[in-house]
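# Reading the structure
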Amino acid sequence: MTRHASSALFEMRGITVHYGGFTAVDHVSLSLPKGRAIGIVGESGAGKSTLARVAAGLIAPAEGQVLLAGQPLAPIRRTREQRRRVQMVFQNPDSSLNPSHSVYRILSEGMLLHHTLGSRPSREVITRRCLELLRMVGLGESAGILSRRPQAFSGGQRQRIAIARALAVNPDVLVADEPTSALDVSVQHEILDLLAELRQTNGLSLMLITHDLGVANALCDDIMVMRGGRSVVHKSTEGLFADPGPQYAQDLLAAARSVSIAPGMRG
Ligand code: ADP
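Residues numbered from 1 in each chain as written. Predicted model: local features only at pLDDT ≥ 70, side-chain atom pairs only at ≥ 80, totals over all residues. Heavy atoms only, no water.

Under the annotation held in an unreviewed UniProt entry, the protein chain carries the name ABC transporter and is attributed to Bifidobacterium cebidarum. Reading the Sequence similarities (unreviewed entry) entry of the UniProt record for the protein chain gives the comment "Belongs to the ABC transporter superfamily." (UniProt positions renumbered as here; feature names shortened; annotations may be inferred.)

In C-alpha coordinates, the structure reads:
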(Lines give C-alpha, C1' and ligand atoms only; values in the text may rest on other atoms or scores of the structure.)
Protein backbone atom coordinates (compact mmCIF):
# COMPACT_ATOMS: atom_id res chain seq x y z
CA MET A 1 0.00 0.00 0.00
CA THR A 2 1.40 3.37 -0.96
CA ARG A 3 1.42 6.24 1.45
CA HIS A 4 -0.81 9.11 0.49
CA ALA A 5 -0.14 12.70 1.28
CA SER A 6 -3.47 13.87 2.62
CA SER A 7 -4.86 16.73 4.66
CA ALA A 8 -6.99 14.27 6.61
CA LEU A 9 -5.77 13.49 10.08
CA PHE A 10 -7.90 10.39 10.28
CA GLU A 11 -9.17 8.29 7.41
CA MET A 12 -11.19 5.17 6.92
CA ARG A 13 -10.98 3.59 3.48
CA GLY A 14 -13.33 0.95 2.15
CA ILE A 15 -14.14 -0.45 5.58
CA THR A 16 -16.11 -3.71 5.47
CA VAL A 17 -17.12 -5.77 8.49
CA HIS A 18 -18.89 -9.14 8.49
CA TYR A 19 -20.49 -10.83 11.47
CA GLY A 20 -20.61 -14.42 10.29
CA GLY A 21 -22.26 -14.21 6.88
CA PHE A 22 -23.85 -10.85 7.61
CA THR A 23 -22.28 -7.66 6.31
CA ALA A 24 -22.68 -4.97 8.99
CA VAL A 25 -20.48 -2.36 7.27
CA ASP A 26 -20.02 -2.36 3.53
CA HIS A 27 -17.12 -0.43 1.96
CA VAL A 28 -17.46 2.75 3.99
CA SER A 29 -14.90 5.53 3.64
CA LEU A 30 -14.52 8.85 5.39
CA SER A 31 -11.87 11.38 6.13
CA LEU A 32 -11.60 13.67 9.10
CA PRO A 33 -9.31 16.70 9.07
CA LYS A 34 -7.76 17.96 12.30
CA GLY A 35 -10.21 19.83 14.50
CA ARG A 36 -13.27 18.85 12.50
CA ALA A 37 -16.28 16.83 13.49
CA ILE A 38 -18.09 14.22 11.45
CA GLY A 39 -21.46 12.82 12.47
CA ILE A 40 -22.32 9.24 11.56
CA VAL A 41 -26.10 9.13 11.52
CA GLY A 42 -28.64 6.41 10.87
CA GLU A 43 -31.21 4.14 12.42
CA SER A 44 -30.39 1.38 14.84
CA GLY A 45 -28.67 -1.46 13.01
CA ALA A 46 -27.20 0.80 10.31
CA GLY A 47 -23.64 -0.20 11.27
CA LYS A 48 -22.63 2.99 13.05
CA SER A 49 -21.26 1.39 16.22
CA THR A 50 -19.42 -1.20 14.21
CA LEU A 51 -17.74 1.55 12.21
CA ALA A 52 -16.87 3.37 15.45
CA ARG A 53 -15.29 0.23 16.86
CA VAL A 54 -13.19 -0.21 13.76
CA ALA A 55 -12.13 3.44 14.06
CA ALA A 56 -11.05 2.88 17.65
CA GLY A 57 -9.23 -0.36 16.80
CA LEU A 58 -11.59 -2.55 18.82
CA ILE A 59 -12.60 -4.75 15.92
CA ALA A 60 -10.75 -5.62 12.74
CA PRO A 61 -12.42 -5.01 9.40
CA ALA A 62 -12.54 -7.79 6.81
CA GLU A 63 -11.50 -5.20 4.24
CA GLY A 64 -10.28 -1.66 4.25
CA GLN A 65 -7.84 0.44 6.16
CA VAL A 66 -7.77 3.03 8.92
CA LEU A 67 -5.08 5.71 8.66
CA LEU A 68 -3.85 8.25 11.17
CA ALA A 69 -1.80 11.14 9.78
CA GLY A 70 -1.37 9.14 6.58
CA GLN A 71 -0.02 6.05 8.36
CA PRO A 72 -2.04 2.83 8.20
CA LEU A 73 -3.03 1.54 11.64
CA ALA A 74 -2.90 -2.13 12.49
CA PRO A 75 -6.51 -3.39 12.61
CA ILE A 76 -6.47 -4.32 16.29
CA ARG A 77 -2.91 -4.58 17.53
CA ARG A 78 -2.22 -0.90 17.39
CA THR A 79 0.92 0.40 18.96
CA ARG A 80 0.51 2.04 22.33
CA GLU A 81 1.05 5.44 20.73
CA GLN A 82 -1.57 4.76 18.06
CA ARG A 83 -4.04 3.70 20.76
CA ARG A 84 -3.34 6.86 22.70
CA ARG A 85 -4.11 9.06 19.74
CA VAL A 86 -7.57 7.62 19.02
CA GLN A 87 -9.77 7.44 22.10
CA MET A 88 -13.37 6.35 22.46
CA VAL A 89 -16.28 7.44 24.62
CA PHE A 90 -19.08 4.91 24.90
CA GLN A 91 -22.82 5.33 25.19
CA ASN A 92 -23.15 4.14 28.72
CA PRO A 93 -20.68 5.38 31.32
CA ASP A 94 -22.10 2.83 33.76
CA SER A 95 -20.59 -0.01 31.79
CA SER A 96 -17.47 1.80 30.59
CA LEU A 97 -16.28 2.96 34.04
CA ASN A 98 -15.12 0.35 36.52
CA PRO A 99 -17.40 0.86 39.55
CA SER A 100 -14.75 -0.25 42.02
CA HIS A 101 -12.12 2.24 40.84
CA SER A 102 -11.76 5.76 42.19
CA VAL A 103 -11.90 8.72 39.82
CA TYR A 104 -8.17 9.17 40.47
CA ARG A 105 -7.47 5.64 39.28
CA ILE A 106 -9.83 5.93 36.29
CA LEU A 107 -8.17 9.13 35.11
CA SER A 108 -4.58 8.23 35.89
CA GLU A 109 -4.44 4.74 34.38
CA GLY A 110 -4.10 5.96 30.79
CA MET A 111 -1.59 8.66 31.72
CA LEU A 112 0.63 6.07 33.39
CA LEU A 113 0.26 3.53 30.62
CA HIS A 114 1.02 6.07 27.91
CA HIS A 115 3.62 8.01 29.92
CA THR A 116 1.93 11.31 29.09
CA LEU A 117 3.38 12.79 32.29
CA GLY A 118 6.85 11.32 31.87
CA SER A 119 8.02 7.89 33.00
CA ARG A 120 7.56 8.14 36.80
CA PRO A 121 5.31 11.08 37.67
CA SER A 122 4.79 11.87 41.35
CA ARG A 123 1.36 11.55 42.90
CA GLU A 124 1.29 15.32 43.13
CA VAL A 125 1.87 15.74 39.38
CA ILE A 126 -0.79 13.13 38.59
CA THR A 127 -3.25 14.78 40.97
CA ARG A 128 -2.66 18.16 39.39
CA ARG A 129 -3.38 16.73 35.94
CA CYS A 130 -6.50 14.92 37.21
CA LEU A 131 -7.83 18.15 38.66
CA GLU A 132 -7.11 19.96 35.42
CA LEU A 133 -9.11 17.31 33.56
CA LEU A 134 -12.01 17.58 36.00
CA ARG A 135 -12.09 21.31 35.46
CA MET A 136 -11.96 20.81 31.69
CA VAL A 137 -15.07 18.63 31.78
CA GLY A 138 -16.90 20.91 34.19
CA LEU A 139 -16.66 18.83 37.36
CA GLY A 140 -14.88 21.43 39.45
CA GLU A 141 -11.45 21.16 40.96
CA SER A 142 -12.08 19.69 44.34
CA ALA A 143 -9.51 17.03 45.23
CA GLY A 144 -12.23 15.22 47.18
CA ILE A 145 -13.82 14.15 43.90
CA LEU A 146 -10.77 12.05 43.05
CA SER A 147 -11.29 9.57 45.85
CA ARG A 148 -14.93 8.91 44.96
CA ARG A 149 -16.20 6.02 42.89
CA PRO A 150 -18.47 6.34 39.85
CA GLN A 151 -21.64 5.51 41.83
CA ALA A 152 -21.24 8.74 43.75
CA PHE A 153 -22.05 10.70 40.58
CA SER A 154 -25.08 11.28 38.38
CA GLY A 155 -25.27 9.80 34.88
CA GLY A 156 -24.23 13.09 33.27
CA GLN A 157 -21.33 13.47 35.67
CA ARG A 158 -20.22 9.90 34.96
CA GLN A 159 -20.18 10.65 31.27
CA ARG A 160 -18.03 13.71 32.03
CA ILE A 161 -15.62 11.41 33.87
CA ALA A 162 -15.55 9.06 30.87
CA ILE A 163 -14.77 12.02 28.61
CA ALA A 164 -12.05 13.20 31.01
CA ARG A 165 -10.53 9.71 30.92
CA ALA A 166 -10.39 9.84 27.12
CA LEU A 167 -8.83 13.31 27.21
CA ALA A 168 -6.31 12.31 29.87
CA VAL A 169 -3.96 10.90 27.24
CA ASN A 170 -4.13 13.92 24.87
CA PRO A 171 -5.78 12.16 21.94
CA ASP A 172 -6.03 13.63 18.44
CA VAL A 173 -9.28 11.86 17.62
CA LEU A 174 -12.26 11.23 19.86
CA VAL A 175 -14.76 8.63 18.72
CA ALA A 176 -17.99 9.16 20.67
CA ASP A 177 -20.63 6.45 20.26
CA GLU A 178 -24.06 7.85 21.18
CA PRO A 179 -22.48 9.73 24.10
CA THR A 180 -25.76 11.29 25.22
CA SER A 181 -28.27 8.54 24.46
CA ALA A 182 -28.17 6.94 27.90
CA LEU A 183 -28.58 10.27 29.68
CA ASP A 184 -31.59 12.28 30.81
CA VAL A 185 -32.70 14.75 28.17
CA SER A 186 -31.93 17.59 30.57
CA VAL A 187 -28.22 16.75 30.64
CA GLN A 188 -27.81 15.69 27.02
CA HIS A 189 -27.30 19.31 25.98
CA GLU A 190 -24.66 19.84 28.62
CA ILE A 191 -22.61 16.95 27.29
CA LEU A 192 -23.00 18.15 23.69
CA ASP A 193 -21.89 21.63 24.72
CA LEU A 194 -18.92 20.10 26.48
CA LEU A 195 -17.88 18.09 23.41
CA ALA A 196 -18.19 21.19 21.23
CA GLU A 197 -16.11 23.20 23.66
CA LEU A 198 -13.42 20.55 24.00
CA ARG A 199 -13.16 20.31 20.29
CA GLN A 200 -12.44 24.01 20.09
CA THR A 201 -10.10 24.28 23.03
CA ASN A 202 -8.16 21.07 22.39
CA GLY A 203 -8.27 21.02 18.58
CA LEU A 204 -9.77 17.55 18.75
CA SER A 205 -11.15 15.78 15.74
CA LEU A 206 -14.47 14.22 16.58
CA MET A 207 -16.29 11.25 15.11
CA LEU A 208 -19.75 11.35 16.62
CA ILE A 209 -22.08 8.38 16.28
CA THR A 210 -25.72 9.27 16.72
CA HIS A 211 -29.16 8.10 15.64
CA ASP A 212 -30.21 11.74 15.95
CA LEU A 213 -29.61 14.01 12.99
CA GLY A 214 -30.43 17.01 15.19
CA VAL A 215 -27.47 16.18 17.42
CA ALA A 216 -25.14 15.79 14.43
CA ASN A 217 -26.40 19.08 13.03
CA ALA A 218 -25.64 20.87 16.29
CA LEU A 219 -22.10 19.57 16.55
CA CYS A 220 -20.71 18.38 13.24
CA ASP A 221 -19.22 19.97 10.12
CA ASP A 222 -19.94 16.92 7.99
CA ILE A 223 -22.49 14.17 8.18
CA MET A 224 -22.49 10.65 6.83
CA VAL A 225 -25.85 8.94 6.73
CA MET A 226 -25.60 5.16 6.98
CA ARG A 227 -28.21 2.60 6.14
CA GLY A 228 -27.85 -1.17 6.06
CA GLY A 229 -24.09 -0.89 6.48
CA ARG A 230 -23.62 1.51 3.59
CA SER A 231 -22.93 5.19 3.39
CA VAL A 232 -25.95 6.65 1.57
CA VAL A 233 -25.03 10.34 1.87
CA HIS A 234 -21.81 12.02 2.92
CA LYS A 235 -21.89 15.81 2.82
CA SER A 236 -21.25 18.97 4.72
CA THR A 237 -23.93 19.53 7.34
CA GLU A 238 -25.16 22.63 5.54
CA GLY A 239 -25.18 20.74 2.25
CA LEU A 240 -27.19 17.90 3.72
CA PHE A 241 -29.80 20.19 5.23
CA ALA A 242 -30.04 22.16 1.98
CA ASP A 243 -30.30 19.05 -0.17
CA PRO A 244 -30.58 15.74 1.71
CA GLY A 245 -30.61 13.65 -1.47
CA PRO A 246 -32.07 10.15 -1.15
CA GLN A 247 -35.55 9.67 0.34
CA TYR A 248 -34.07 7.95 3.37
CA ALA A 249 -32.02 11.02 4.26
CA GLN A 250 -35.03 13.25 3.62
CA ASP A 251 -37.09 11.18 6.06
CA LEU A 252 -34.38 11.35 8.72
CA LEU A 253 -34.18 15.08 8.23
CA ALA A 254 -37.95 15.51 8.49
CA ALA A 255 -37.91 13.57 11.78
CA ALA A 256 -34.89 15.39 13.24
CA ARG A 257 -35.53 17.56 16.22
CA SER A 258 -33.78 20.84 16.51
CA VAL A 259 -30.89 20.68 18.95
CA SER A 260 -29.06 23.82 19.83
CA ILE A 261 -25.77 24.14 21.61
CA ALA A 262 -24.14 27.18 23.10
CA PRO A 263 -23.56 29.92 20.49
CA GLY A 264 -20.14 29.96 18.89
CA MET A 265 -19.36 26.39 19.93
CA ARG A 266 -19.61 24.84 16.51
CA GLY A 267 -16.84 24.88 13.97
P1 ADP B 1 -25.88 0.74 14.90
O2 ADP B 1 -24.78 1.24 15.75
O3 ADP B 1 -26.12 1.60 13.69
O4 ADP B 1 -27.13 0.47 15.64
P5 ADP B 1 -24.39 -1.75 14.81
O6 ADP B 1 -23.06 -1.47 14.23
O7 ADP B 1 -24.50 -1.88 16.28
O8 ADP B 1 -25.42 -0.66 14.26
O9 ADP B 1 -24.98 -3.06 14.16
C10 ADP B 1 -25.07 -3.26 12.77
C11 ADP B 1 -25.65 -4.63 12.50
O12 ADP B 1 -24.73 -5.61 12.93
C13 ADP B 1 -26.95 -4.90 13.23
O14 ADP B 1 -27.79 -5.66 12.40
C15 ADP B 1 -26.51 -5.69 14.44
O16 ADP B 1 -27.54 -6.56 14.85
C17 ADP B 1 -25.34 -6.46 13.89
N18 ADP B 1 -24.32 -6.72 14.92
C19 ADP B 1 -23.71 -5.81 15.69
N20 ADP B 1 -22.80 -6.37 16.51
C21 ADP B 1 -22.85 -7.70 16.24
C22 ADP B 1 -22.15 -8.84 16.74
N23 ADP B 1 -21.21 -8.73 17.69
N24 ADP B 1 -22.46 -10.04 16.23
C25 ADP B 1 -23.40 -10.18 15.27
N26 ADP B 1 -24.10 -9.15 14.73
C27 ADP B 1 -23.82 -7.94 15.22
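For the protein chain, the count of helices and strands is 10 helices and 10 strands. Its C-alpha atoms give the protein chain a radius of gyration of 18 Å, within 12% of the compact-globule value 18 Å for 267 residues. When the 267 residues of the protein chain are sorted by exposure, 50% land in the buried category. Contacts in the protein chain between residues far apart in sequence, at least 24 positions, make up 67% of those at least 6 positions apart. For the protein chain, the accessible surface area stands at approximately 11900 Å², while carbon and sulfur atoms represent 49% of it. Charge separation in the protein chain, taken as the distance between the mean sites of 29 positive and 23 negative side-chain charges, equals 8 Å. (Helix = DSSP H or I, 4+ residues; strand = E, 2+ residues; numbered from the N terminus. Rg over C-alpha atoms; globule rule 2.2 N^0.38 Å. Buried < 20%, exposed > 50% of the residue type's maximum accessible area, 1.4 Å probe, protein only. Contact = heavy atoms within 4.5 Å. Areas by Shrake-Rupley, 256 points an atom, 1.4 Å probe, with all protein chains shown as cover. Lys, Arg positive; Asp, Glu negative; His and termini not counted. Charge placed at Lys NZ, Arg CZ, Asp CG, Glu CD.)

What follows deals with the site of the ligand. The local shell around the ligand consists of Tyr 19, Phe 22, Ala 24, Glu 43, Ser 44, Gly 45, Ala 46, Gly 47, Lys 48, Ser 49 and Thr 50. At 3.0 Å, a backbone N or O of Ala 46 approaches an oxygen atom of the ligand. Between Gly 47 and the ligand, the recorded distance is 3.0 Å, taken from a backbone N or O atom to an oxygen atom. Burial of the ligand by the protein amounts to 57% of the accessible area it has alone, namely 570 Å². (Near = heavy atom within 4 Å. Polar contact = N/O pair within 3.5 Å; in protein donor to acceptor, adjacent residues only side chain to side chain.)

This part takes up the sheet that holds strand 5 (residues 71-72). On the basis of which strands lie adjacent, the open sheet formed by four strands has the order 2-1-4-5 and antiparallel pairing. The strands lining the two open edges of the sheet, one partner per strand, are strand 2 (22-33) and strand 5. As paired strands, strand 4 (residues 63-68) and strand 5 are joined by two bridges and run antiparallel to one another. What sits directly across from Leu 68, in strand 5, is Gln 71. Each of strand 1 (8-19), strand 2 and strand 4 is contacted by helix 1 (residues 48-55), which is oriented at about 125° to strand 1, the strand it contacts most. (Pairing = 2+ DSSP bridges. Axes fitted to C-alpha atoms, helices over the stretch in contact; angles between N-to-C directions.)

Now for helix 4 (residues 103-113). Those residues of helix 4 that sit buried are Val 103, Tyr 104, Ile 106, Leu 107, Ser 108, Gly 110 and Met 111. The inward-facing, buried residues of helix 4 contact helix 5 (123-136) and helix 6 (155-167). One or two positions beyond helix 4, positive phi appears at His 115, with a value near 55°.

Of note, Cys 130 is situated in helix 5. The spatial distance from the C-alpha of Cys 130 to the C-alpha of Val 103 is 8.6 Å, given a sequence separation of 27 residues. Among all residues touching Cys 130, those that are not within four sequence positions of it are Tyr 104, Leu 107, Met 111 and Leu 146.

On the UniProt side, "domain: ABC transporter" (unreviewed entry) is annotated at positions that read residues 10-253 here. Note that residues 10-253 is 39% helix and 26% strand, and that its end C-alpha atoms are spaced 27 Å apart.

In space, the six strands of this open sheet follow the order 6-7-8-3-9-10, with mixed pairing throughout. The sheet terminates laterally at strand 6 (86-89) and strand 10 (230-236), the two strands that pair on one side only. Ignoring which end each strand starts from, the neighbouring axes of this sheet average 15° apart.

This part is about the pattern of salt bridges. Taken as a whole and assessed by the stated rule, the structure comprises 13 salt bridges. Between Arg 85 and Asp 172 there is a salt bridge, with the nearest N and O atoms lying 2.5 Å from each other. Here Arg 85 is found in helix 2 (residues 80-85), whereas its partner Asp 172 is found in the loop between helix 6 and strand 7 (173-177), with 87 residues between them in sequence. The exposure class assigned to Arg 85 is partly exposed, which follows from its relative accessible area of 22%. Residue Glu 124 pairs with Arg 128 through a salt bridge whose shortest N-O separation is 3.4 Å. Taken as a pair, Glu 124 and Arg 128 lie in helix 5 at a separation of four residues, close to a single helical turn. In this structure Arg 128 comes out as exposed when scored by relative accessible area, which is 52%. (Salt bridge = Lys/Arg side-chain N within 4 Å of Asp/Glu carboxyl O.)

Next up on the list: the pairing of strand 10. Examined bridge by bridge, strand 9 (residues 222-227) and strand 10 share six bridges and lie antiparallel to one another. Looking across to strand 10, one finds that Met 224 is bridged to His 234. If you look at the hairpin formed by strand 9 and strand 10, you'll find two residues sitting between the two strands, and Gly 228 has a positive phi there, around 55°.

Glancing now at the side chain of Gln 82. Summarising the element assignment, Gln 82 is placed in helix 2. Residue classification places Gln 82 among the buried residues on the basis of a relative accessible area of 17%. In contact with Gln 82, not counting residues within four places along its chain, are Pro 72, Leu 73 and Ala 74.

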